[in-house]
Amino acid sequence: MPAVSTNDLKNGMSLNLAEGLFSVVEFQHVKPGKGGAFVRTKLKNVRSGAVIERTYRADERLDQALIDKREMQYLYPDGDSYVFMDNTDYEQLHATRASLGSAANFLKAGDSAVLQMFDGEIVGVDLPASVELEVTDTEPGLQGDRVSGARKPATLETGFEVQVPLFVNVGERIKVDTRTGEYLSRAGS
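Treat the numbers as computed from the prediction; the structure is a model and nothing was measured. (Residues numbered from 1 in each chain as written. Predicted model: local features only at pLDDT ≥ 70, side-chain atom pairs only at ≥ 80, totals over all residues. Heavy atoms only, no water.)

## Quick notes on the environment of Val162
Along the chain, the position of Val162 falls in strand β14 (residues 161-165). Residue classification places Val162 among the buried residues on the basis of a relative accessible area of 4%. With 14 residues separating them along the chain, Val162 and Val176 place their C-alpha atoms 8.5 Å apart. Aside from chain neighbours lying at most four places away, what touches Val162 is Lys152, Pro153, Ala154, Leu156, Ile174, Gly181, Glu182 and Tyr183. (Helix = DSSP H or I, 4+ residues; strand = E, 2+ residues; numbered from the N terminus. Buried < 20%, exposed > 50% of the residue type's maximum accessible area, 1.4 Å probe, protein only. Contact = heavy atoms within 4.5 Å.)

Given below as structure tokens:
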């Protein structure tokens, strides 16, 4: 692992600490009037999402984790796993639903995603900000159902359930925000 000085920390940088793999959320260099300078950090555990705060001496060495980002295409589900194909060497990779996290709710066959790999393990998935998915099940919308802000549950082609406006029907394509899992609009709008 390459060592990095606490003076060279940047937001988004990954660190391999004794407690696990962390991403730098925030850092601040502090130089008090007396005593040595130090760096106050806010770190997010890549696997669990827990945020911790740590203080390090200035110029302390930490292990930087090199994250390999690979663009892959989602091919199909295989039992409890998801099969991806690397776009550069066409090698296939099986990933568990747990390793994909919430990204599994938005993946359909043929979609591209950037998988973040560390030591052969998936530690994150980058998706587009929104995806278009088809509604496979919801209560039918009735003529005149235009109550402002009223919502109903709808199941999407990936099996994910989202709250949609009353006018959305089965078979329609909608845009969903991949960061929040919320309905954005009808597709093509």
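## Digging into the packing of aromatic side chains
Inspection of the entire model under this criterion finds three aromatic pairs. Taking 5.5 Å as the distance between ring centres and 50° as the angle between the ring planes, the aromatic pair formed by Tyr74 and Phe84 counts as tilted. Of this pair, Tyr74 sits in strand β7 (residues 68-78) while Phe84 is found in strand β8 (residues 81-86), placing the two residues ten residues apart along the sequence. Its relative accessible area of 0% is what places Phe84 among the buried residues. Aromatic pair Phe106 and Phe160: ring centres 5.2 Å apart, planes at 65°, arrangement edge-to-face. Of the two residues, Phe106 is situated in the loop between α1 (97-100) and β10 (112-118) and Phe160 in the loop between β13 (151-156) and β14; the sequence distance between them amounts to 54 residues. Take Phe106 and Phe160: they sit in the same class, and that class is buried. An aromatic cluster is present here, built from Tyr74, Tyr82 and Phe84 joined pairwise through their rings. (Phe/Tyr/Trp six-rings, centres within 6.5 Å; stacked < 30°, edge-to-face > 60°.)

## Digging into the sheet that holds β14
Neighbouring strands of a sheet are bound in pairs by backbone hydrogen bonds; such pairs are parallel or else antiparallel. Overall, antiparallel pairing links the five strands, which are arranged β14-β13-β12-β15-β16 in an open sheet. Two strands bound the open sheet, and with one partner strand each, they are β14 and β16 (183-186). Across the sheet, the axes of successive neighbouring strands diverge by a mean angle of 50°, strand direction being ignored. Bridge count for strand β15 (residues 173-177) against β16 is three bridges, and the pairing is antiparallel. Bridged to Val176 within β16 is Tyr183. (Pairing = 2+ DSSP bridges. Axes fitted to C-alpha atoms, helices over the stretch in contact; angles between N-to-C directions.)

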